[in-house]
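Below, each chain spelled out in residue letters.
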Amino acid sequence: MSKKYAIGVDYGTESGRAVLVDLSDGTEVADHVTPYPHNVIDEKLPNSGIKLEYDWALQHPQDYLDVLTRSVPAVVQASGVDPADIIGLGIDFTACTMLPVDAQGQPLCFNPELANQPHTWVKLWKHHAAQDEANLINEIAERRGEDFLPRYGGKISSEWMIAKVWQILNEAPDIYEQTDRFLEATDWVVSQMTGASDIVRNSCTAGYKAIWHKKKGFPSNEFFKALDPRLENVTESKLRGEVVALGTKAGELTESMAKLMGLQPGIAIAVGNVDAHAAVPGVGVVTPGKLVMAMGTSICHMLLGTEEREVEGMCGVVEDGIIPGYLGYEAGQSAVGDIFAWYVEQGVPAYVQTAAEQEGTNVHEWLERHASAYKPGETGLLALDWWNGNRSVLVDTELNGLILGYSLLTKPEEVYRSLLEATAFGTRKIVDAFHNNGVEVQELYACGGLPQKNRLLMQIYADVTNREIKVADSKQTPALGAAMFGAVAAGAANGGYDSIVDAAQKMARVRKDTFKPIPENVAVYEKLYQEYSKLHDYFGRGENDVMKRLRAIREEARH
Ligand SMILES: Nc1ncnc2c1ncn2[C@@H]1O[C@H](COP(=O)(O)OP(=O)(O)O)[C@@H](O)[C@H]1O
Ligand SMILES: O=C(CO)[C@H](O)[C@H](O)COP(=O)(O)O
């Protein structure tokens, strides 16, 4: 039998990438990136120019289809592989990235009559404008003693499905009415490939982002009625659709999409998945004790367990949510690389940019090199990493960043280093929350863009968490994981695999060199972490709500 291949498509925040993978050993034969032409829409709507409010983050669904029709043919062509040998395709996506569709499964924003209404567009995971709804969901769920709250670390996030759906109902009831279903973008894109009239939902986003439980289903209608009588039947109406396990075949590629994607019709299309979750088998993790960090603009922390534990501020624990047979735990930091990007774009003086240019390097690399000359603690700075709110463990999008300890001598590379450290302290909070609540964390696995870009950052993470970090060998780990699920959807009889564990064992790899904690750094960072924890609790747990008061004053000033 000739060699068989699968394609994984990873939908990130700013671009989508396709990877064509050899199923015998996981070799990534070709990859191709398509930046989203409309990127993140956070100021005004395309064409109409309608202004968006603060904290909004939208996307254009056509950009997702462009990835399929540009990047997929590009990898097929670049690899020289015969399309007849490509047996399956899987995708992974940011989440909860959701959109309203009509009865034909078409996004409402594709309708020219509705395109000037912000609520018809895709709400990206980092759309943070549904915080009022999230606060009420939490208040009402707590009052009613809803048993789902502990599974989500005690709080439902404004980033997730129910808060976003309710925001649409509150602010645009007519759009809510015209919506046939609210879908995760990952399920919508899959439906566009399979042409399935009966759209399937994947258990991963349903579980982590829409409060669905394998045995109990969605929360009761009474709960939704208590939120708002108009939501009473939302799960049977606008959230309807079969929820199926990861690795399930959602359907087969249609003739028309096959033509556009340069593939053969009829190949297996796996149900959708989430970027961070797909990365777990992508680094070869299929057992507990190994925390996987998908490190990019944000960090998602993924961990397997055998028992359901309550962990403060985790994003969720979902049975079979990552790897069948285990409880999948997720936590996260909603900005990491994004914070470094902010500093590089908004904070560094012109002399740094000029120096970096003259040395033929980029500003991140210049700052990393100069920041590496400092010992832990030597900058005298300490930062709180809340530039995009705090996802875990505080679950509060209304918190903001802070840097303490400036002097007239403070240098840009010191600020940069303090930002790297702050994100490491944020990860340490998450590691401790799991480990101290019975979900063991022995070692860390890192994937995503950051481990390949910044060695100092990785060493700081090893020192701050006092744990060894193994780094994925793949440059496109979520896409590799997605391709594995594509191979599972195709099945062993067709040259794929019968389980994700089999696929991961054959196809995943980590690099030989790892990041090991350096004892003298660990000792200093322990002291700094204690200080970080004090600031974290002071500003984050209600002792001083100055960050929220500043927001309120800003809102007043803006109106
Ligand atoms: N040398 C660097 N050091 C630290 N961060 C970097 C560096 N170069 C780029 N970044 C950050 O990496 C992030 C992008 O990470 P990547 O994994 O490629 O993207 P995504 O999360 O969208 O998949 C950006 O937020 C950018 O600021
Ligand atoms: O919450 C998520 C997964 O559960 C998002 O997909 C994630 O935070 C977006 O990540 P990135 O842009 O860094 O890939």
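Residues numbered from 1 in each chain as written. Chains lettered and ligands numbered in written order. Predicted model: local features only at pLDDT ≥ 70, side-chain atom pairs only at ≥ 80, totals over all residues. Heavy atoms only, no water.

On to the site of ligand 2. By nearness alone, 13 residues border ligand 2, and Thr13, Lys209, Thr297, Ser298 and Glu330 come closest of all. Within the contact set of ligand 2, an oxygen atom lies 2.4 Å away from a side-chain nitrogen or oxygen of threonine 13. In the model, an oxygen atom of ligand 2 is placed 2.8 Å from a nitrogen or oxygen of the lysine 209 side chain. For ligand 2, the accessible surface in isolation is 380 Å², of which the surrounding protein chains cover 91%. Taken together, the residues of the shell around ligand 2 sort by class into four nonpolar, five polar and four charged. Mapped onto the domain boundaries, the shell around ligand 2 takes at least three residues apiece from domain 1 (5-277 + 477-507) and domain 2 (286-471 + 518-559). (Near = heavy atom within 4 Å. Polar contact = N/O pair within 3.5 Å; in protein donor to acceptor, adjacent residues only side chain to side chain. Areas by Shrake-Rupley, 256 points an atom, 1.4 Å probe, with all protein chains shown as cover. Nonpolar A, V, L, I, M, F, W, Y, C, P; charged D, E, K, R; others polar. Domains from an automatic or database assignment.)

What UniProt calls "domain: Carbohydrate kinase FGGY N-terminal" (unreviewed entry) maps, in this numbering, to residues 5-280. Between the first and last C-alpha atoms of residues 5-280 the distance is 20 Å; the span itself is 31% helix and 20% strand. (UniProt positions renumbered as here; feature names shortened; annotations may be inferred. Helix = DSSP H or I, 4+ residues; strand = E, 2+ residues; numbered from the N terminus.)

Neighbouring ligand 1 are 14 residues, the closest being Thr297, Gly337, Gly449, Lys453 and Asn454. Glycine 337 is positioned such that a nitrogen or oxygen atom in its backbone is 2.9 Å from an oxygen atom of ligand 1. Separating a nitrogen atom of ligand 1 from a side-chain N or O atom of asparagine 454 is a distance of 3.0 Å. Computed on the free molecule, ligand 1 has an accessible area of 590 Å², of which 81% lies beneath the protein chains in the complex. At the level of elements, helix H10 (337-347) and helix H14 (450-453) are the ones that each hand at least two residues to the shell around ligand 1. Broken down by element, the shell around ligand 1 gets its largest block of residues, four residues, from H10.

Another aspect to go through is the packing of aromatic side chains. Applying the stated criterion across every chain yields a total of 18 aromatic pairs. Ring centres of phenylalanine 223 and phenylalanine 224 lie 5.4 Å apart, and the angle between their planes is 70 degrees; on these two criteria the pair is classed as edge-to-face. Taking the relative accessible area as the measure of exposure, phenylalanine 224 reaches 0% and is therefore buried. Consider the rings of tyrosine 329 and phenylalanine 434, whose centres lie 5.8 Å apart with planes at 80 degrees: the pair is edge-to-face. (Phe/Tyr/Trp six-rings, centres within 6.5 Å; stacked < 30°, edge-to-face > 60°. Buried < 20%, exposed > 50% of the residue type's maximum accessible area, 1.4 Å probe, protein only.)

Taken as a whole, the second largest pocket encloses approximately 320 Å³ of empty space. Surrounding the second largest pocket, 23 residues form its lining, Lys155, Leu394, Val395, Asp396 and Lys548 being those nearest its centre. Only helix H2 (131-143) and helix H18 (519-540) provide two or more residues apiece to the lining of the second largest pocket. Considering each element in turn, the lining of the second largest pocket owes the most residues, four residues, to H2. Split by residue class, the lining of the second largest pocket holds six nonpolar, nine polar and eight charged. Three or more residues apiece are contributed to the lining of the second largest pocket by two domains, here domain 1 (5-277 + 477-507) and domain 2 (286-471 + 518-559). (1 Å grid on protein atoms, 1.4 Å probe; cavity = no way out; pocket = protein on both sides within 12 Å on 5 of 7 lines; lining within 4 Å. Points joined across faces, edges and corners; volume = space filled by probe spheres on them.)

With that settled, consider empty space enclosed by the protein. Inspection of every chain in the model, using the stated rule, returns four cavities of 30 Å³ or more. The calculated volume of the largest cavity comes to roughly 70 Å³. Taken together, Met161, Glu184, Asp187, Arg201, Thr205, Ala206, Ala210, Phe218 and Leu239 make up the lining of the largest cavity. Considered class by class, the residues forming the lining of the largest cavity number five nonpolar, one polar and three charged.

Of note, the amide linkage connecting alanine 95 to cysteine 96 takes the cis form, showing an omega dihedral of -5 degrees. Relative to the elements of secondary structure, cysteine 96 occurs in the loop between strand E5 (86-93) and strand E6 (98-101). Following serine 392, the chain continues to valine 393 via a peptide bond in cis, the omega torsion being 10 degrees. Its location among the elements puts valine 393 in the loop between strand E18 (382-384) and strand E19 (402-404). For aspartate 55, which is not glycine, the phi torsion reads 75 degrees and is therefore positive. Relative to the assigned elements, aspartate 55 resides in the loop between strand E3 (28-35) and strand E4 (58-59).

Partitioning the protein into domains gives domain 1 (5-277 + 477-507) and domain 2 (286-471 + 518-559). Inter-centroid distance (C-alpha atoms) of domain 1 to domain 2 is 26 Å. Contact residues are listed per partner, giving 31 residues for domain 1 and 39 residues for domain 2. For the domain 1 and domain 2 pair, buried surface summed over both sides reaches about 2,900 Å², with 53% attributable to carbon and sulfur atoms. Its largest share of buried area at the contact with domain 2, domain 1 owes to Tyr54, Arg151 and Tyr208, together 20% of the area lost on that side. Counting across the domain 1 and domain 2 interface gives seven salt bridges. For glutamate 319, the salt bridge identified is with lysine 215, shortest N-O distance 2.7 Å. Those elements that provide at least two residues to the side of domain 1 that touches domain 2 are helix H6 (203-209), helix H9 (275-282), helix H16 (477-490) and helix H17 (500-507). Among the elements that make up the side of domain 1 that touches domain 2, the one with the highest residue count is H6 (five residues). Looking at the side of domain 1 that touches domain 2, its residues break down into 13 nonpolar, 10 polar and eight charged. (Contact = heavy atoms within 4.5 Å. Buried area = accessible area lost by both parts, 1.4 Å probe. Salt bridge = Lys/Arg side-chain N within 4 Å of Asp/Glu carboxyl O.)

A word on the environment of threonine 120. Along the chain, threonine 120 turns up in the loop between E6 and strand E7 (122-123). The class for threonine 120 is buried, based on a relative accessible area of 0%. Between the C-alpha atom of threonine 120 and that of tyrosine 176, which follows or precedes it by 56 residues, the distance is 9.0 Å. At 2.8 Å, the side chain of threonine 120 forms a polar contact with the backbone oxygen of glutamine 117.

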